[in-house]
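The lines below spell out each chain.
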Amino acid sequence: MFQSYVFLCFLAIHQSYAVTIGPVADLVVANAQVSPDGFTKSAVLAGGTLPGPTITGQKGDAFKINVMNYLNDDTMLLGTSIHWHGLFQHHTTQMDGTAFVTQCPLAPGHSFLYNFTGADQVGTYWYHSHYGVQYCDGLRGPMIIYDPNDPYRLSYDIDDESSVITLMDWYHVPSPQVQRQAVPDSVLINGIGRYQGGPDMPYAVIHVQPFKRYRFRLLNMACKPNYIFSIDNHNFTIIEVDGQYVKPLVVDSIQIYAAQRYSFILEANQTVDNYWVHADPNTGTNATAILRYAGSPTVDPQNRTTPNSLALNETDLHPLYPAPPILFQEDADVKLNLVLGTNESNFNFLINDVQYTSPSIPVLLQLLSGDMSASQLAPNGSVYTLAGNRVIEISWNPDNSPGRPHPFHLHGHSFAVVRSAGSTSYNYVNPVIRDTVNTGDAGDYVTIRFITDNPGPWLLHCHINWHLNTGMAVVFSEAVQDLAPTESLSNSSKQLCPIFDSLPQQNFPLPPN
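Small disclaimer: the values here were computed from a predicted structure and weren't measured.

Here is what the cut-offs are and how they apply
- Residues numbered from 1 in each chain as written.
- Predicted model: local features only at pLDDT ≥ 70, side-chain atom pairs only at ≥ 80, totals over all residues.
- Heavy atoms only, no water.
- Helix = DSSP H or I, 4+ residues; strand = E, 2+ residues; numbered from the N terminus.
- Rg over C-alpha atoms; globule rule 2.2 N^0.38 Å.
- Buried < 20%, exposed > 50% of the residue type's maximum accessible area, 1.4 Å probe, protein only.
- Contact = heavy atoms within 4.5 Å.
- Areas by Shrake-Rupley, 256 points an atom, 1.4 Å probe, with all protein chains shown as cover.
- Lys, Arg positive; Asp, Glu negative; His and termini not counted.
- Charge placed at Lys NZ, Arg CZ, Asp CG, Glu CD.
- Polar contact = N/O pair within 3.5 Å; in protein donor to acceptor, adjacent residues only side chain to side chain.
- Pairing = 2+ DSSP bridges.
- Phe/Tyr/Trp six-rings, centres within 6.5 Å; stacked < 30°, edge-to-face > 60°.
- Lys NZ or Arg CZ within 6 Å of the ring centre and 35° of its normal.
- Axes fitted to C-alpha atoms, helices over the stretch in contact; angles between N-to-C directions.
- pLDDT = per-residue confidence, 0-100.
- Disulfide = S-S within 2.5 Å.
- 1 Å grid on protein atoms, 1.4 Å probe; cavity = no way out; pocket = protein on both sides within 12 Å on 5 of 7 lines; lining within 4 Å.
- Points joined across faces, edges and corners; volume = space filled by probe spheres on them.
- Nonpolar A, V, L, I, M, F, W, Y, C, P; charged D, E, K, R; others polar.
- Arc of directions from axis to C-beta.

**Q** Even after reading the chapter, I still don't get the overall build of the chain, so can you show me in this structure?
**A** From N to C terminus, the chain includes four helices and 31 strands. Relative to the globule expectation of 24 Å for 513 residues, the C-alpha radius of gyration of the chain, 22 Å, shows essentially globular dimensions. Buried positions account for 58% of the 513 residues belonging to the chain. Considering only contacts in the chain between residues 6 or more positions apart, those separated by 24 or more positions represent 75%. Total accessible area on the chain stands at roughly 19,700 Å², and carbon and sulfur atoms take up 50% of it. Here the chain contributes 23 positively and 43 negatively charged side chains, and the mean placements of these two sets differ by 4 Å.

Right, here's the structure in full:
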């Protein structure tokens, strides 16, 4: 076991700020008592903060994050893993951090070095536990890869830790006790919120200088809700979506789904004053923070009633740089229709009539042992074999799945959204490229395309964490013939499963409907 580790839990009270580390750092995962909305509870923290510290680097940097597990509160999961959301992990599949797909969980009292590069990737990402519903207990934080050749660099003045905005849901019980239909107790904006009937906590404050131009990076790190985000009297010029540059698009509100990210330029060109920042969830109570111009009094903003009229429509987003033409060939090489549903007896989720359950041996280890065909791989029925260098088209039918809309994330890839939620048209010319998509409501048929150019097992799943935990996922076993020559397990990776399997297993039954 590690020696006792004592740390302070930093919570921004009177102003919003972020602790920044990386690209080489230790990251301690430990339990602590926190009260971000005035209610005190035990949490799972990365680096002693909620949200976790912002991990930063430059394009091409080698990230070496040594995760040390000090968890000891057995009302929650004691193992952990960390997924670097949006990073492709090309040739470093074992660093994807997906429990029972690419690794076994890291046992308490042990450490694991996540060692990878972002290669050519730049933009706004995040990290979170990918073990059960653990990140709902707090283990989540931003990850920013700066681009020295940012094509929009002359369009803004400030882009640093002060311009990162995180949105999260928060629950007053440990995540294994949260019921399926539970409404979040509060929304946290940059780690601060209020709950109904609770104390009047200070609002998170975002500070700006008059006439400066800010690149704000907005992240939805929630386990469940989507949010409509806006700032009174201010427009946003969107320039990045999920790590992909887009052509400038002016909006005044953004509906952001779980795990999605946007960069937008905000010009502080309004009267020096305080302005409400809004994060209105699709479930739970609306939340506010304050955008405060330097020179304005330290008071709450006045209420404004001007409605937003330039809401973001995903079909208006177009990539700044064109995707490979092969992606939009007339017919995809493989077309998959994913029908979302539920088991009528236990209400767990199904994809094509199969509930995803985590295998006892991670899929990556199964593949490296020589089990190549989908019929040989566990979990049976949830693994789809895809040949390399093929154009894959996936469509979702969400008609019979409760809890819509479901935001789906694909590990190891970004993809073109050729048909968006709320639209009946297909765009095979210049659709937005992203890694997490809203699959819409009944009647929608959201469709994406990607190229199988990254060997490995990659999870595709709903990013409402309670839905993933009850079965809404599949694994793509991609280009497996090319995996073994490029992916040699490190000794540390090989140790994870024997150590984890030797521990007493925790059993948290899935909550009833």
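**Q** Hey, could you run me through the side chain of Lys-41 in this one?
**A** Locating Lys-41 in the fold gives a position in strand 3 (residues 41–46). Judged by relative accessible area, Lys-41 falls into the buried class, the value being 6%. A distance of 3.2 Å separates the side chain of Lys-41 from the backbone oxygen of Tyr-171, its partner in a polar contact. Setting aside residues no more than four positions away along its own chain, Lys-41 makes contact with Ala-32, Gln-33, Val-34, Asp-137, Trp-170, Tyr-171, His-172, Val-173 and Pro-174.

**Q** Help me understand the pairing of strand 4 (residues 54–58), please; the structure alone is not making it clear to me.
**A** Across a regular strand the side chains alternate sides, sitting on one face of the sheet and then on the other. In terms of burial, strand 4 is largely enclosed, as four of its five residues are buried. Pairing geometry for strand 1 (residues 20–21) and strand 4, over two bridges, is parallel. Bridge pairing in strand 4 links Thr-20 to Thr-54. By the bridge criterion, four bridges tie strand 4 to strand 9 (residues 140–146) in an arrangement that is parallel.

**Q** Just to check I follow, could you spell out the packing of aromatic side chains for this structure?
**A** Given two aromatic rings, their pairing is described by the distance between the two centres and the angle made by the two planes. All told, the structure shown has 24 aromatic pairs when counted by the stated rule. For the pair Phe-229 and Phe-236, a centre-to-centre distance of 5.8 Å together with 35° between the ring planes defines the contact as tilted. Residue classification places Phe-229 among the buried residues on the basis of a relative accessible area of 0%. One aromatic cluster is present, formed by Phe-63, Trp-84, Phe-112, Tyr-114, Phe-116 and Tyr-127 through successive ring pairs. Directly above the ring of Trp-170 sits Lys-41, whose terminal nitrogen or CZ lies 4.8 Å from the centroid. In this structure, Arg-194 packs its charged tip against the face of Tyr-203, placed 4.0 Å from the ring centre.

**Q** Help me out: how do you make sense of the sheet that holds strand 16 (residues 244–251) in this one?
**A** In a beta sheet, neighbouring strands pair by backbone hydrogen bonds and run either parallel or antiparallel. Ordered by their spatial adjacency, six strands build an open sheet running 11-10-13-18-15-16, and the pairing between neighbours is mixed. Where the open sheet ends on each side, the last strands, each with one partner, are strand 11 (186–189) and strand 16. Within the sheet, the average angular offset between the axes of one strand and its neighbour, ignoring direction, is 25°. Looking at chain direction, strand 10 (residues 164–170) and strand 11 are connected through four bridges and run antiparallel. Its bridge partner lying in strand 11, Met-168 is registered against Leu-188.

**Q** Help me understand the pairing of strand 20 (residues 287–293), please; the structure alone is not making it clear to me.
**A** Most of strand 20 sits out of view: six of its seven residues are buried. Relative to strand 20, strand 12 (residues 205–208) runs parallel, the two sharing four bridges. The residue bridging His-207 from the neighbouring strand is Arg-292, located in strand 20. Alignment of strand 19 (residues 274–281) against strand 20, held across six bridges, turns out to be antiparallel. Its bridge partner lying in strand 20, Val-277 is registered against Ala-289.

**Q** So what exactly am I meant to see when it comes to the confidence of the model for the chain here?
**A** Atom-level detail of predicted coordinates should not be read off regions where pLDDT is low. Per-chain confidence: the chain averages 94 in pLDDT, with 96% of residues scoring 70 or above. Contacts of residues 1–16 to residues separated by more than four positions or lying in other chains number 42 contacts, the stretch itself having pLDDT below 50.

**Q** What's the story with the side chain of His-461 in this structure? I'm lost.
**A** Inspection of the secondary structure puts His-461 in strand 30 (residues 456–462). Within polar-contact distance, the side chain of His-461 engages the side chain of His-130 at 3.4 Å. A polar side-chain atom of His-461 sits 3.2 Å from a polar atom in the side chain of His-411. The contact partners of His-461, leaving out residues within four places of it in the chain, are His-130, Pro-407, Phe-408, His-409, His-411, Leu-468, Met-472 and Ala-473.

**Q** What exactly am I supposed to notice about the state of the cysteines here?
**A** A covalent bond between the sulfur atoms of two cysteines is what we call a disulfide. The full count for this structure, using the stated rule, is two disulfides. Linked covalently through their sulfurs, Cys-104 and Cys-497 form a disulfide whose S-S length is 2.0 Å. In this structure the cystine formed by Cys-104 and Cys-497 twists about its S-S bond by roughly 90°; its chirality is therefore right-handed. You can see Cys-104 sitting in the loop between strand 6 (82–85) and strand 7 (111–117) and its partner Cys-497 sitting in helix 4 (residues 491–501), a full 393 residues away along the chain. Assigned by exposure class, Cys-104 and Cys-497 land together as buried.

**Q** Even after reading the chapter, I still don't get empty space enclosed by the protein, so can you show me in this structure?
**A** To locate leftover empty space, one rolls a probe as large as a water molecule over the atoms. Tallied over the entire structure, the rule returns three cavities of 30 Å³ or more. Quantified by volume, the largest cavity comes out at close to 40 Å³. Together, Thr-102, Gln-103, Cys-104, Leu-365, Leu-489, Ser-493, Leu-496 and Cys-497 line the largest cavity. Of all the elements, helix 4 adds the most residues to the lining of the largest cavity, at three residues. Of the residues that constitute the lining of the largest cavity, the class distribution is five nonpolar, three polar and no charged.

**Q** Got a minute to help me understand the sheet that holds strand 19 in this structure?
**A** Reading across from one edge, 12-20-19-14-17 is the order of the five strands in this open sheet, with mixed pairing throughout. Because the sheet does not close on itself, it has two edges, and the strands there are strand 12 and strand 17 (254–256). Looking at each pair of strands side by side, their axes are set apart by 25° on average, direction ignored. With three bridges connecting them, strand 14 (residues 227–231) and strand 17 associate as antiparallel partners.

**Q** Is there a simple way to think about helix 4 in this case?
**A** Since there are 3.6 residues in each turn of an α-helix, residues three or four apart along the chain are aligned in direction. Burial in helix 4 covers these residues: Ser-493, Leu-496, Cys-497 and Phe-500. Projected down its long axis, helix 4 shows its buried positions confined to an angular sector of 80°, all on one face. Residues of helix 4 that are buried make contact with strand 7 and helix 1 (363–368).

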